[in-house]
Amino acid sequence: HRIHNGSKAVVSTQSTGIQSRNSNKEHSFHPTTVVKIQSGVKFKIFCFKLFREILMEQVHLGYEAVFDLTKHCMIRMSFVKGWGADYHRQDVTSTPCWVEMSINGPLQMLDQCLAFMGSSKNPITSVS
């Protein structure tokens, strides 16, 4: 398996399951869709331009809407085995080999935006 960080593309020698809310939004899929990428296929897993556009839209909806974009900055991948609505493994943690990546640049952008917006009217916790 190879992950190209600069080009934000994934190349694998086996099928790879990818869940990226950002990519799903770009392709008009359900947010939690798991996309199966076949061996040797390049697939864009994050679009920074799209993220900025979504952030600008969400700012007008308030603190909670912006905070929710942290989910767009997390990408889950499984190798060999799939998961999701079409599988008996409903969660990535049920697969034998998986990783979760944080896209740090957009997370830092969210931190700056949330700090500027002030605090939430509703308390936000680790289970929000």
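Sequence order as written defines the numbering, with residues in each chain counted from 1. With the structure being a predicted model, the display of local features is reserved for residues of pLDDT at least 70 and the display and counting of side-chain atom pairs for 80 or more, all residues being used for whole-chain, interface and lining totals. To obtain the side-chain values, all non-hydrogen atoms of the structure were included, while hydrogens and water were left out.

A. Representation of the overall build of the chain. The secondary structure listing takes helices from DSSP runs of H or I that are at least 4 residues long and strands from runs of E that are at least 2 residues long, numbered from the N terminus. Looking only at helices and strands, the chain features four helices and six strands. Start at the N end of the chain and walk to the C end: the helices and strands fall as β-β-β-α-β-α-α-β-β-α. Looking at the chain as a whole, 38% of its 128 residues qualify as buried. For this analysis, residues touch if any pair of their heavy atoms sits within 4.5 Å. A separation of at least 24 residues holds for 58% of the contacts in the chain among residues at least 6 apart in sequence. Each accessible area is a Shrake-Rupley estimate made with a 1.4 Å probe; only the visible protein chains count as cover when residues are assessed. Summed over its atoms, the accessible surface of the chain is roughly 7,900 Å², and 53% of this surface lies on carbon and sulfur atoms. Residue burial is assigned from relative accessible area. The probe radius is 1.4 Å, only protein chains are included, and a residue is buried under 20% of its type maximum, exposed over 50%, and partly exposed in between.

B. Region of the structure containing the pairing of strand β5 (residues 74-79). Of the strand pairs in this sheet, strand β3 (residues 16-20) and β5 are connected by five bridges, and their pairing is antiparallel. Following the sheet pairing, S20 is matched in β5 by I75. Paired strands, as defined in this entry, are two strands with at least two bridges between them according to DSSP. Pairing analysis gives five bridges linking β5 to strand β6 (residues 98-102), with the strands arranged antiparallel. What sits directly across from S78, in β6, is W98.

C. Structural context of the sheet that holds β5. The strand order across the open sheet formed by four strands is β4-β3-β5-β6, and the pairing between neighbours is antiparallel. Two strands in the sheet have a free side with no partner beyond their single neighbour: β4 (35-37) and β6. Here the average twist between neighbouring strands, direction ignored, is 25°. Here an angle of 0 to 180 degrees is reported between the N-to-C directions of two axes, which are lines fitted to C-alpha atoms, with helices fitted over the stretch in contact.

D. Expanded view of helix α2 (residues 48-59). Every helix has an expected span of 1.5 Å times one less than the residues it contains. Across its twelve residues, α2 extends 16 Å between first and last C-alpha, which sits within 8% of the 16 Å expected from 1.5 Å per residue. Within the span of α2, buried status applies to L50, F51, I54, L55 and Q58. The buried residues of α2 occupy one face: seen down the axis, they fall within an arc of 140°. Away from its buried face, by an angle of more than 90 degrees, α2 presents the exposed residues K49 and M56. The inward-facing, buried residues of α2 abut α1 (21-26), α3 (63-67) and α4 (104-117). Of all possible arcs, the one meant is that of the directions from the helix axis to the C-beta atoms.

E. The arrangement of the confidence of the model for the chain in detail. The predictor's confidence in any single residue is recorded as pLDDT, a number from 0 to 100. Here the chain shows a mean pLDDT of 84. Residues at 70 or above account for 85%. Here strand β1 (residues 2-4) stands out as the least confident element of the chain, with mean pLDDT 47; α2 is the most confident, with 95. Contacts for the low-pLDDT stretch residues 1-7, under 50 throughout, to residues beyond four places or in other chains number 13 contacts.

F. Local environment of the side chain of S23. Considering the arrangement of structural elements, one finds S23 in helix α1. Look at S23 and you get buried, because its relative accessible area is 1%. What qualifies as a polar contact is a pair of N or O atoms within 3.5 Å, subject to a donor-acceptor requirement within protein and to the restriction that residues adjacent in sequence count only when both atoms come from side chains. Within the structure, S23 has its side chain in polar contact with the backbone oxygen of K44 (distance 3.2 Å). Apart from residues no more than four positions distant in its own chain, S23 is found in contact with F43, K44 and I45.

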